[in-house]
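# Structure at a glance
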Amino acid sequence: MKNIIPLVIATRNKGKTVEIKELLKNFPVEIRNLDDFGPIPEVEEDGDTFDENAYKKASFAAKVLGFPALADDSGLLVESLDGAPGVYSARYAGKNATDEQRYARILQELQGETNRNAAFECVLSIAVPTGPALTYEARCEGVITQVPSGANGFGYDPIFYYPPLQKTFAELTREEKNCVSHRGKAFRELQDEFDKVLVWIRQNMPIQERFACEHEK
Ligand code: IMP
């Protein structure tokens with residue numbers, strides 16, 4: 001019997017899924033994502049904080065699918081825009097806009113602005129079907145560029161310059177980005193406590209699922 005537990009990543013964002021799979025590759029978990037389960041209802045990400053939205057996504061997926069679920073809610077906060085786009089990062093230029101349209105809007109709004117300080121924030125929530133959840137948070141500070149640069153990553157990466165490495169996030173490899181990013185840091189906190197997290201998941205799974213988790217594989 002291996003101590004591997006199933007864990008659903010509660011996202012349909014492909015860029016995030018790739019990064020999260022890489023970050024969890026040494027964990028004793030069998031990763032599934034929402035696409036492995038066919039259509040399930042979408043969660044309205046209408047919370048006022050990353051924390052609320054992360055919990056909503058993780059607990060909804062855990063309840064509907066009957067497995068422990070992990071969600072990441074994250075976004076960009078620009079100092080001179082009073083923290084915008086913040087929780088609206090994914091929809092900043094309208095619901096069906098592209099990443100390019102979203103970061104073009106930020107560049108447009110910052111035209112002539114000298115304060116270009118910004119940060120990415122990430123909240124991870126791990127929930128079990130019975131409701132309780134664990135939370136991890138992290139932040140990464142940088143500067144908004146004048147023009148986009150780089151082709152890696154996703155979202156606002158081409159306009160987020162990370163001074164210690166003198167590159168935008170889109171100019172970093174996935175491994176380099178994971179070493180310094182908000183998401184990478186939050187996952188390392190989780191990783192540091194992962195033994196305890198596994199015990200917590202097992203103790204909080206409903207009896208039937210707990211049995212299934214322990215005997216999977
Ligand atoms: P959500 O967490 O899925 O609601 O969306 C977060 C949004 O924030 C993404 O769609 C991106 O636009 C942006 N975002 C979050 N993390 C990153 C990142 O690591 N790089 C670039 N953009 C990000």
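Provided above is the structure to which this section pertains.
The structure reproduced in this document is the subject of the present report. (Residues numbered from 1 in each chain as written. Predicted model: local features only at pLDDT ≥ 70, side-chain atom pairs only at ≥ 80, totals over all residues. Heavy atoms only, no water.)

## Notes on helix α2 (residues 50-65)
Given 3.6 residues per helical turn, the α-helix brings residues three or four places apart onto the same face. Let me state the cut-off plainly: In DSSP terms, a helix is any run of H or I states spanning at least four residues, a strand is any run of E spanning at least two, and both are numbered starting from the N terminus. Between the first and last residue of a helix there are one fewer steps than residues, each counted as 1.5 Å, and that sum is the expected span. Residue burial is assigned from relative accessible area. The probe radius is 1.4 Å, only protein chains are included, and a residue is buried under 20% of its type maximum, exposed over 50%, and partly exposed in between.
In this model α2 runs 22 Å from its N-terminal to its C-terminal C-alpha over 16 residues, within 8% of the 22 Å that 1.5 Å per residue would give. Of the positions making up α2, those classed as buried are F50, N53, A54, K57, A58, S59, A61, A62 and L65. Taken from the residues just after α2, G66 is the one with a positive phi, measuring 80 degrees.

## Quick word on the site of the ligand
Rules: For this description, a residue counts as near a given molecule or strand if any of its non-hydrogen atoms is within 4 Å of it. A 3.5 Å cut-off defines polar contacts: any pair of N or O atoms within that distance qualifies, except that in protein one atom must be a possible hydrogen donor and the other a possible acceptor, and neighbouring residues in sequence count only when both atoms are side-chain atoms. Each accessible area is a Shrake-Rupley estimate made with a 1.4 Å probe; only the visible protein chains count as cover when residues are assessed.
Residues in contact with the ligand amount to 18 residues; listed here are only the nearest, K16, E45, D157, K177 and R183. Between the ligand and D73 there is a distance of 3.1 Å, counted from an oxygen atom to a side-chain nitrogen or oxygen. Residue K177 places a side-chain N or O atom 2.8 Å away from an oxygen atom belonging to the ligand. The fraction of the free accessible surface of the ligand (490 Å²) that becomes covered by protein chains is 95%.

## Overview of a negative patch on the surface
To keep things clear, this is the line we draw: By definition, no residue in a patch forms a salt bridge, and every one has over 30% relative accessible area; like charges are joined within 9 Å, nonpolar side chains (Val, Leu, Ile, Met, Phe, Trp, Tyr) within 5 Å. Any Lys or Arg side-chain nitrogen located within 4 Å of an Asp or Glu carboxyl oxygen qualifies as a salt bridge. Under the convention used here, Asp and Glu are negative, Lys and Arg are positive, and both His and the chain ends fall outside the count. The location of each charge is read from NZ of Lys, CZ of Arg, CG of Asp or CD of Glu.
Among the surface-exposed residues, D48, D51, E52, E137, E189, D192 and E193 lie close enough to one another that they form a single negatively charged patch. Looking at the negative patch, the elements that each hand over two or more residues are α2 and α5 (182-192). You can see D48 is positioned in the loop between β2 (29-33) and α2.

## Describing the pairing of β2
Worth spelling out the cut-off: Pairing between strands is defined by DSSP: at least two bridges between them are needed. Seen with the strands pointing away from the viewer, any crossover whose path from the first strand over the helix to the second strand runs clockwise is right-handed.
In the sheet, strand β1 (residues 5-9) pairs with β2 via five bridges, with the strands oriented parallel. What sits directly across from I9, in β2, is N33. Taken together, β1, helix α1 (residues 14-23) and β2 constitute a β-α-β crossover, and its handedness is right-handed.

## With respect to the packing of α1 against α5
When two helices pack together, their arrangement is given by the angle between their axes and by how far apart the axes lie. Counted only if it meets this: Each axis is a line fitted through C-alpha atoms, taken for helices only over the stretch in contact, and angles between the N-to-C directions span 0 to 180 degrees. Two helices crossing with the near one rotated counterclockwise from the far one by less than a right angle form a left-handed crossing, whereas a clockwise rotation gives a right-handed crossing. When checking whether two residues touch, look at their non-hydrogen atoms; a contact exists if any pair is within 4.5 Å.
Where α1 meets α5, the axes come as close as 11 Å, and the angle between the chain directions of the two elements is 35 degrees. Crossing angle aside, the handedness with which α1 passes α5 is right-handed. Residues K16, E19, I20 and L23 of α1 form the contact with α5, whose participating residues are R183, G184 and F187.

## Thoughts on the side chain of R183
Position of R183 among the secondary structure elements: in helix α5. R183 has contacts with K16, E19, I20, L23, D72, S74, C122, F154 and K177, leaving out every residue within four places of it along the chain.

## Details of the pattern of salt bridges
Applying the stated rule across the entire model yields 16 salt bridges. Its salt-bridge partner being E22, residue K25 comes within 3.0 Å of it at the nearest N-O pair. Judged by relative accessible area, which is 54%, K25 ranks as exposed. Between R183 and D72 there is a salt bridge; the shortest N-O distance is 2.5 Å. You can see R183 sitting in helix α5 and its partner D72 sitting in strand β3 (residues 69-78), a full 111 residues away along the chain. The exposure classification of R183 matches that of D72, with both residues buried. Among the charged side chains, a salt-bridge network with shared partners connects E19, D72, D157, K177 and R183.

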